[in-house]
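# Summary of the model geometry
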Amino acid sequence: MKHNINIVWILTSRTSRLLLSGVIIFTIFSILGLKNIELSSDYKIFFDKGNTDLQILETMESTYSKTDNIFIMIRPNHDDIYNLKTIGLISELTNRLWKIPHVLRVDSLTNFPYSQAINDEIFIEEFIYDPKQITTEHIEFVKKTANKEKDLVGNLITQDGQYSAVNITTLLPGKNHKQETLAVSSGVDDVLSDLKIDYPDHKFYVTGLVTMNSAFFTAAKRDFITLIPLMVVFVLIAAGIILGSFKAASCILIVLLLSLLGALGLAGWLGINLSAPSISAPIIMFTVIVASCIHIISYVKKRLLLGEAQSKAVLLSYRHNAKPILVSHLTTIIGFIAMNTSDSPPFRDLGNIVAFGVMFSLLLSFTLLPALLMKLTLSSKKSYVIKVFDNMGWLSNLVIRKQKQILYIIVPCTLVLASLSLLNQGNDDLIKYFDKTVEFRLDSEAIDEQFSGLYNIDYSISSTEKNGVFSFEYLKFIEAFDAWLMDQPEVVITSSLLHRIKQLNLLMNANNPEFYRIPNNPTLAAQHFLLYEMSLPFGKGADDMLNFDKSAIKLTARLHNSSSLEMIAFENKVKGWLEDNKPKYINYSYSSPSLIFSHIGQSNIVSLLQGAFIAFLIISVALTLVFRSFYIGLLTLIPNLLPVGMAFGFWYCIQGQISMGLAGVSAMAIGIIVDDTVHFLYQYIKGLKNGLSPEQSVKNTFEHTMSAIVISSALLVVGFLLLSTSSFEKNAQMGLLTSGTIILALIFDLIVLPVLAMRFIRKSSITPTQNKFITNLY
């Protein structure tokens, strides 16, 4: 019994107590790191600090005012906006928003700086600077004047007068981004809650970058406080019912919670914060850990049913499962570590946290779990669920009888379905990061129908010389660029100082309509603009569109809600026009949060698929070494890869696009579904070693291993389906596709893998070296 010494030593020797103590101390030390972990609320966590796109965006933010904002759209139910009540509402909302922390600027219809010239002087005043002005006569004046203001129509009011908007620009100190973001968003929520009571006949819609940051935080927090407790309850109940013993379920729960807390704590020590994508790590962790524990405990129960003493049953279970579980844990860790190829930190964090959890599970499964199983008295009765799954002889007989049909009909069909996976298009949509139950998405989509929401691109057009923006040739180019942008179907509206400069020329020429054009005299234009700036009310400066030395203007193209592919196509189209039409002395740069999300979405899809390929190679090599056979290692690729390909092929049929969250499923799924392949092949090859025919070995495998494979797979499916209820759409889709992959892998393992094993792994194909190795497995 030399081959059993190691397992016996791990479980029963005096040294095992030291090993258990060491694991517990390491786990507790790791758990202490929980004090360092936080939920992130900044969209910039999706980018590395050295990310080129992020650096360009931050350079633009330092050149002009930051664009972090909250955009509130208002609609009266039974009238246009030009009535006493709605104008009063907009005025009150504008005034109250100024009092919210970190607000830098508030723009609305009522505080819009209307300008007029009297003789040689420019007078600028807000449409409504005193509530006493809100009269029917003055509102008629506002209506008549506002519809002629190009800086208003399409930006803060609609042409038909049915909607108005208030835009809040924030300047967060950056000391505690989460608290600052929540202070702004909760302040806006409080104001709107009051106004909804006072103005029940008006509807409010909210979007913007600050709102999006808050939505990321809220989605992560919601998943953390709802899905994780649900998962704990599910594990306790499901494991108790499946194993027929709540004591056994409590053992799993202890391993589960310690692994979870240890993983999160270790992440805290390493400076990893949770975010909307990585918050799914505990759910994924739970499903993987439970599946492994089920293999061990279900075998213990089987031995108890045969009359074995519990201590011996535990030892026999570990002799039977130790190496397959070790291999499955390691392949799972490899799959999740492969997510470190991701270009987006939260997806790397997700992979690392799950890998930490599986590592703790491996340590605890070989130290704490056997110690608990030795101490607790488990029921020797067979649960109803195990009775059902144990009765699988009919399926093994069916597979043996229908080998040819399975090999020549089902396998080609799976190949055809898997080939469709290559047709999926990598695409992302920032708004659709959240499902339709999230108010942020609903409001953003409603706002997009009237105004432009989050999707825009800011273009910084530089003349390369001080006050160069007033050059006639420079402004002519800006005018041509602006006109071309407005002709593009993707563009809703553009914003720049072009209209303001033309209007100043009009005002300084006695309101003669012929002078609504670019001024011929750059020096005079600069003087007029300086006079205009000095006359602007507080908080209405032009620094959001003009740099400090007036050498560059920011022109913003506001777009309809767009996918990442559409954003990148528009970016390339505009870049092509600029290269063909700009004068040589003009330089330009461009960026926006929505654009850099489009870039990271595309690059992350590629990087995660590359990670999946690397994981696939490493796992293949590992299985080749485990089975001491390149031939068997190669054969294991079929049951491990085809289900993933089939799942993505099915996804193509229903969706046709994969986002950066879904791209990670391939690496995750390969690491997880290898578990069942390894358990099946270990048992099958053991049967061949004991002199059984391939058919007898398949029947033996179904009898001793398949129930645990089916049960653990079912738990994995339910766990990932629970993740699919997340309001963060990336996590929900990940849960849905992974659960589908596991279902397909289970069907494949039940029907196709036995046929492949009988056809291609026979006693004659096992070399003496492999036979010796197989003997040492058991």
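The structure this text deals with has already been given above.
So, a few notes on the structure that sits alongside this text. (Residues numbered from 1 in each chain as written. Predicted model: local features only at pLDDT ≥ 70, side-chain atom pairs only at ≥ 80, totals over all residues. Heavy atoms only, no water.)

## A closer look at the sheet that holds strand β2 (residues 103-107)
- Taken together, four strands build an open sheet; the order of strands is β2-β5-β1-β6 and the sheet is antiparallel. Edge positions in the sheet fall to β2 and β6 (202-207), since each has one partner strand and no second. Across the sheet, the axes of successive neighbouring strands diverge by a mean angle of 20°, strand direction being ignored.
- In the sheet, strand β1 (residues 69-76) pairs with strand β5 (residues 164-170) via six bridges, with the strands oriented antiparallel. Note that in β5 the partner of I70 across the bridge is I168.
- Each of β1, β5 and β6 touches helix α7 (residues 209-243); the most contacted strand, β1, lies at about 100° to it. (Pairing = 2+ DSSP bridges. Helix = DSSP H or I, 4+ residues; strand = E, 2+ residues; numbered from the N terminus. Axes fitted to C-alpha atoms, helices over the stretch in contact; angles between N-to-C directions. Contact = heavy atoms within 4.5 Å.)

## Regarding the packing of aromatic side chains
- Going through the model one piece at a time under the given rule, you end up with 31 aromatic pairs.
- Taking the centre distance of 5.2 Å and the plane angle of 75° together, the rings of F47 and F597 count as edge-to-face. Separated by 550 residues along the polypeptide, F47 in the loop between α2 (14-31) and α3 (52-63) and F597 in helix α21 (residues 593-626) bring together distant segments of the chain. Here F47 and F597 have matching classes, each one buried.
- The interplanar angle of 90° and the centroid separation of 6.1 Å between the aromatic rings of Y433 and F728 together place this pair among those described as edge-to-face. Of the two residues, Y433 sits in the loop between β7 (425-426) and α16 (439-450) while F728 sits in the loop between α26 (706-723) and α27 (729-760), which places them 295 residues apart along the sequence.
- Owing to a relative accessible area of 1%, Y433 belongs among the buried residues under this scheme.
- An aromatic cluster is present here, built from Y43, F46, F47, F216, Y433, F434, F440, F597 and F728 joined pairwise through their rings. (Phe/Tyr/Trp six-rings, centres within 6.5 Å; stacked < 30°, edge-to-face > 60°. Buried < 20%, exposed > 50% of the residue type's maximum accessible area, 1.4 Å probe, protein only.)

## Regarding the sheet that holds strand β10 (residues 552-559)
- If you trace the four strands from one edge of the open sheet to the other, you get β9-β10-β8-β11, paired in antiparallel fashion. The open sheet is flanked by β9 (491-495) and β11 (587-591), the only strands paired with a single partner. Sheet twist, expressed as the average angle between the axes of neighbouring strands with direction ignored, equals 20°.
- Sheet topology note: the strand β8 (residues 456-462)/β10 ladder contains seven bridges and is antiparallel. Looking at β10, one finds that S462 is bridged to A552.
- Here α3 sits on the sheet and contacts β8 and β11; the angle it forms with β11, its principal contact strand, is near 110°.

## Examining the environment of L485
- Relative to the helices and strands, L485 resides in helix α17 (residues 472-486).
- Owing to a relative accessible area of 0%, L485 belongs among the buried residues under this scheme.
- Along the chain, L485 and A557 lie 72 residues apart, while their C-alpha atoms are 7.2 Å from each other.

## With respect to the layout of surface pockets
- Taken as a whole, the largest pocket holds about 1100 Å³ of empty space.
- Around the largest pocket, the lining comprises 49 residues; the ones closest to its centre are R105, D107, D544, M545 and R558.
- Sorting the residues of the lining of the largest pocket by element identifies β1, β2, β5, β8, α19 (522-535) and β10 as the ones contributing at least two each. (1 Å grid on protein atoms, 1.4 Å probe; cavity = no way out; pocket = protein on both sides within 12 Å on 5 of 7 lines; lining within 4 Å. Points joined across faces, edges and corners; volume = space filled by probe spheres on them.)

## Digging into unusual backbone geometry
- Positive phi outside glycine occurs at T464, with the angle close to 70°.
- Looking at the element boundaries, T464 is found in the loop between β8 and α17.
- Its relative accessible area of 46% is what places T464 among the partly exposed residues.
- Positive phi is not limited to glycine here, since N467 has a value of about 60°.
- Positionally, N467 belongs in the loop between β8 and α17.

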